[in-house]
Amino acid sequence: MSTVTGNRGLQLEEKLIFELNSPGMTAVDLPNPHEITNVESRLGNAARKNPIGLPGLSEPQVVRHYLRLSQKNFAIDGGLYPLGSCTMKHNPRLNEKMARLPGLADIHPLQPKSTVQGAFELMDMTAHWLKTLTGMPAIAMSPAAGAHGELCGLMSIRAALEARGDARSRVLVPESAHGTNPASAHMCGYQVETIPATDQGRVDLAALKGMLGDDVAAIMVTNPNTCGLFEDEIIEMTKAVHDIGGLVYCDGANFNAIVGRVRPGDLGIDAMHLNLHKTFSTPHGGGGPGAGPVVLSEALAAFAPLPYVVHGKDGFDLIEQADDAAEFSSDAKPYGRMKGFHGQFGVFVRALSYMLSMGSDGLRQASSDAVLNANYLMAKLSDLLTVSYDGPCMHEVLFDDRFLKDTDVTTLDFAKAMIDEGFHPMTMYFPLVVHGALLMEPTETEGKETLDEFVDVIRALAEKAQSGNTQDFKAAPRYTPRRRLDETKAARNPVLVWSPGRAPELQAAE
Amino acid sequence: MATVKFTEEHEWISMDGDVGTVGISDYAQGQLGDVVYVEVREAGASFNKGEEAAVVESVKAASEVYAPVDGEIVEANKALEDNPAAVNTDAEGDGWFYKIKVTNVSDLDGLMDEAAYKAYVAELD
């Protein structure tokens, strides 16, 4: 079925903004510079010789363009977003109201300290909550995201090891880890080695002990891990690492499962990032930015990066220089900065708003409900889908593609068919430790009604695949503005920038 | 006829004198799906058995390719830079990754021959 315009209903075929170009069209009226003759340019050689190449549009055109693009987005505000290891939870509107308070929204990081004491207090209070929830004595608030936090934690570990004259060379990472873990360790100059898993989906403690030696700087664990399982030998693991003089990094991406129940500091963790955009309900994905503060143990506290807020003599103070840090605390050895300013302040406001409005009892209930919801999915789906490891699980449940064996339907086909049914797919093909992974994390946001609808769809699709009706899977998605994209072509021949005359090729991947 | 040996990590090595040509098995490419990028260490790089010699990236995942034996790379397959698809279409031929000068040819004795590898793969499915 086709229309004259290519549009379907009020779903419009949106052109690229460059294709909407009307040369000379502008949203603002400025005096024509060519008519200003008595002003000498001070740009010298830096003056532009050629047009800048931006498209000309009116303000309503620009507003409509971006609004229409946003309408093609899927968001947590639009429905269940079951991406595993992502914790796509509801962002309470109260957070947004707080972030828009003029005293918090209309300030600048270079304002005199005396004029932003309230902002410093807010950062200090956010830090206090995060340290209390994790049972850790220190925190670096500035990292901008989870992977940035990993790098921050590893740099602190390296700084602490170098300070004792023993830099070491190896970092051990479980095979089910997020890909960012080995990447961060590699970026920090370490040689990465993989710790094997047991058939229970957890770190193989004996294998880990066999790999330890006095050249191991750290291990990086995720707890609960990416199979949705609690690493129940974590205390033995951290003790074994500490015994050889190493340190323990924990990937905090899955902290939502244990907030208010487990304090990582009690498990022997030395550094852990907190994805405020996952666990603490701040916007996530395209709606970010994220924030990845890193809590630090006693062993690493002195090696936190700059800047940080402290309780000074005349109210709150911001320590921005190594000299000031040393003056404030004689053992402070900051290794520098991770970020230009103090961190993602607007995200701190939202996270604190969430924590204060939930209270410690509410946070504990949220993590409990998140675990309950994942186990509900496991209980409702385990007879038809193949669960990878026996439950109970934590905040997410891992299935693999054994239930699709001999159906000719792949995990990817299954995910695309879910889109046709109005559900955003779960995480696919991760973690790599099982074949054709389907990793589902409903979060505490969803009520039983939504989960039941989801379960009905998954069950119906699984039965359809097993009955040999593969056509709808291979053709999926059928009802989206674009059909299945050619991922292979996109990866082999990526077209990353628009250039005149190449526009049609951008659509050729369909 | 060159001897072809296989590892449990799904690499193959085909010997010609003391130089072996290394790639990933047809089974491995099938598991990876469409290969979109291959990175091989430069000629002159040397490593021990089990160390990372190359990286292969598919639409599903990025994986390391390990050295099946101790040795030194004498040639990397530059053609894969522009045509990673060769790994899918001809994994055990044009899709080779690198040629390695093997330190101890006797190290190959510990690897599987084609029949043993086929039996090993059949066990995995």
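Residues numbered from 1 in each chain as written. Chains lettered and ligands numbered in written order. Predicted model: local features only at pLDDT ≥ 70, side-chain atom pairs only at ≥ 80, totals over all residues.

**Q** A description of the overall build of chain A should follow, citing residues and the corresponding values.
**A** Helix and strand counts for chain A stand at 16 helices and 13 strands. Relative to its length of 510 residues, chain A is compact, with a C-alpha radius of gyration of 26 Å against a globular reference of 24 Å. Overall size of chain A, expressed as C-alpha extent along the three principal axes, is 80 × 70 × 40 Å. Counting all 510 residues of chain A, 41% fall into the buried class. Excluding contacts between residues fewer than 6 apart, the proportion of contacts in chain A whose partners are at least 24 apart in sequence is 71%. (Helix = DSSP H or I, 4+ residues; strand = E, 2+ residues; numbered from the N terminus. Rg over C-alpha atoms; globule rule 2.2 N^0.38 Å. Buried ≥ 20, exposed ≤ 12 C-beta atoms within 10 Å, placed from the backbone. Contact = placed C-beta atoms within 7 Å.)

**Q** Summarise helix α5 (residues 146-163) of chain A; cite the residues concerned and give the values.
**A** Across its 18 residues, α5 of chain A extends 25 Å between first and last C-alpha, which sits within 8% of the 26 Å expected from 1.5 Å per residue. With 14 of 18 residues buried, α5 of chain A lies mostly within the body of the structure. (Expected span 1.5 Å × (residues − 1).)

**Q** With reference to specific residues and values, describe the interface of chain A and chain B.
**A** Residue-level contacts link six residues of chain A with six residues of chain B. In terms of residue class, the side of chain A that touches chain B is built from three nonpolar, one polar and two charged. (Nonpolar A, V, L, I, M, F, W, Y, C, P; charged D, E, K, R; others polar.)

**Q** Give me the domain arrangement of chain A: which residues, what numbers.
**A** All names here are of chain A. When its domains are assigned, chain A resolves into domain 1 (94-351) and domain 2 (375-483). Distance from the C-alpha centre of domain 1 to the C-alpha centre of domain 2: 33 Å. Taken residue by residue, the interface counts 14 residues in domain 1 and ten residues in domain 2. (Domains from an automatic or database assignment.)

**Q** Go over the sheet that holds strand β4 (residues 35-40) of chain B with me, naming the residues and quoting the values.
**A** Residues and elements named next belong to chain B. Taking strand neighbours across the sheet as the criterion, the three strands line up as β4-β6-β7 in an open arrangement whose pairing is antiparallel. Only two strands of the sheet have a single partner each, and these edge strands are β4 and β7 (62-66). Averaged over all adjacent pairs, the angle separating strand axes in this sheet is 20°, with direction ignored. (Pairing = 2+ DSSP bridges. Axes fitted to C-alpha atoms, helices over the stretch in contact; angles between N-to-C directions.)

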